[in-house]
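The primary structure of each chain is shown beneath.
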Amino acid sequence: MSKTIFSKIISREIPANIVFENDQILAFHDINPKAPVHILIIPKEEIETVRQIDGSKHAGLLGAMIDAANQIAKEQNIYEDGFRLVFNCGENGGQEVYHLHLHLLGGRAMKWPPG
Ligand code: 5GP
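Summary of the structure given here. This structure is a prediction, so every number in the text was calculated from the model and none was measured.

## Things to note about the overall build of the protein
Counting secondary structure elements, the protein contains three helices and five strands. The order of α-helices and β-strands along the protein, N terminus first, is α-β-β-β-α-β-α-β. Here the C-alpha atoms of the protein give a radius of gyration of 14 Å, agreeing with the 13 Å that 2.2 N^0.38 yields for 115 residues. For the protein, the spread of C-alpha atoms along the principal axes amounts to about 40 × 30 × 30 Å. Here the analysis covers contacts within the protein between residues at least 6 apart in sequence; of these, 53% occur between residues at least 24 apart. For the protein, the computed accessible surface area is about 6900 Å², with 50% contributed by carbon and sulfur atoms. When the 11 basic and 14 acidic side-chain charges of the protein are each reduced to a single mean position, those positions are 4 Å apart.

## Digging into helix 2 (residues 55-75)
Helix length check: helix 2, at 21 residues, gives a terminal C-alpha distance of 28 Å against a target of 30 Å (1.5 Å per residue), a fit within 8%. The sharpest bend along helix 2 measures roughly 25° and falls at Leu 61. Turning to helix 2, its buried residues number three or more, namely His 58, Leu 61, Ala 64, Met 65, Ala 68, Ala 69, Ile 72 and Ala 73. Considering only its buried residues, helix 2 is in contact with strand 1 (18-21), strand 2 (25-29), strand 3 (37-43), strand 4 (83-86) and strand 5 (102-106).

## Quick look at the side chain of His 38
Along the chain, the position of His 38 falls in strand 3. For His 38, a relative accessible area of 3% corresponds to the buried category. Only 3.0 Å separates the side chain of His 38 from the backbone nitrogen of Lys 34, close enough to count as a polar contact. When residues no more than four places from it in sequence are discounted, the contact partners of His 38 are Phe 28, His 29, Asp 30, Asn 32, Pro 33, His 103, Leu 104 and Leu 105.

## A look at the site of the ligand
Taken together, 18 residues surround the ligand, and among them Asp 30, Asn 88, Glu 96, His 101 and His 103 come closest. Residue His 101 places a side-chain N or O atom 2.7 Å away from an oxygen atom belonging to the ligand. Those elements giving two or more residues to the shell around the ligand turn out to be helix 1 (5-10), strand 2 and strand 3. Ranked by the residues each element gives to the shell around the ligand, the list is headed by helix 1, at three residues.

## Brief notes about the packing of aromatic side chains
Taken as a whole and judged by the stated rule, the model has two aromatic pairs. Judged by centre distance (5.5 Å) and plane angle (70°), the rings of Phe 6 and Phe 28 are edge-to-face. Taken together, the positions of Phe 6 in helix 1 and Phe 28 in strand 2 put the pair 22 residues apart, joining distant regions of the chain. A single burial state applies to Phe 6 and to Phe 28, both of which are buried. Sitting over the face of the ring of Tyr 79, Lys 74 holds its NZ or CZ atom 4.7 Å from the ring centroid.

## Overview of the pattern of salt bridges
Using the criterion set out here, one finds four salt bridges in the structure. With a shortest N-O distance of 2.5 Å, Glu 13 and Lys 3 are connected by a salt bridge. On the criterion of sequence distance, the pair formed by Glu 13 in the loop between helix 1 and strand 1 and Lys 3 in the segment before helix 1 is long-range, its members being ten residues apart. Residue Glu 13 is classed as partly exposed on the basis of its relative accessible area of 48%. Assessed through its relative accessible area of 42%, Lys 3 is described here as partly exposed. Among the charged side chains, a network of salt bridges with common partners joins Arg 12, Glu 21 and Lys 44.

Basis of the calculations
Residues numbered from 1 in each chain as written. Predicted model: local features only at pLDDT ≥ 70, side-chain atom pairs only at ≥ 80, totals over all residues. Heavy atoms only, no water. Helix = DSSP H or I, 4+ residues; strand = E, 2+ residues; numbered from the N terminus. Rg over C-alpha atoms; globule rule 2.2 N^0.38 Å. Contact = heavy atoms within 4.5 Å. Areas by Shrake-Rupley, 256 points an atom, 1.4 Å probe, with all protein chains shown as cover. Lys, Arg positive; Asp, Glu negative; His and termini not counted. Charge placed at Lys NZ, Arg CZ, Asp CG, Glu CD. Expected span 1.5 Å × (residues − 1). Bend = angle between axes of the 7 residues up to and from the residue. Buried < 20%, exposed > 50% of the residue type's maximum accessible area, 1.4 Å probe, protein only. Polar contact = N/O pair within 3.5 Å; in protein donor to acceptor, adjacent residues only side chain to side chain. Near = heavy atom within 4 Å. Phe/Tyr/Trp six-rings, centres within 6.5 Å; stacked < 30°, edge-to-face > 60°. Lys NZ or Arg CZ within 6 Å of the ring centre and 35° of its normal. Salt bridge = Lys/Arg side-chain N within 4 Å of Asp/Glu carboxyl O.

What follows is the structure, encoded as C-alpha cells:
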C-alpha cells in the first residue's frame, strides 16, 4: 500500500504544525480546521481504520491517544469548556485519510447530531 499523507508527516517528508509527540503518537493541527482548535492525534504505527483495532492488542495505544488528547486540550485551553473526540471510519464515516486518527475539536459549542 502506498504511504498516506500522515505517514509522510511522521517521517517529516511533509511539514505539519506538531503539538505533541512521543514514541507511539504524533499530534498536529488539521490543515483545514473545522473548529477554532482542530488537532489530529495519530499512532505512529500504520493502522488504516478503527476496523483494524483489536481491543486486546491496541488498548494501550488507544489509552495513550486519549491521554494525549486530554493533555493537548489542557494546553489549548479547551479542557474545562469541553471538546469533541471523533474517529471517522470508512466511506460512510467520512474518512479521507486511511491512517487512523483521532480528531480533537474545541473552542466552540459542537452541534449534535453531526452531519
Ligand atoms: P478524515 O476525514 O479522514 O477523518 O480526516 C482527515 C483530516 O486530515 C481532515 O480533517 C483534513 O483536513 C486533514 N488533512 C488532510 N491532509 C492534511 C495534511 O496534509 N496536513 C494536515 N495537517 N492535515 C491534513
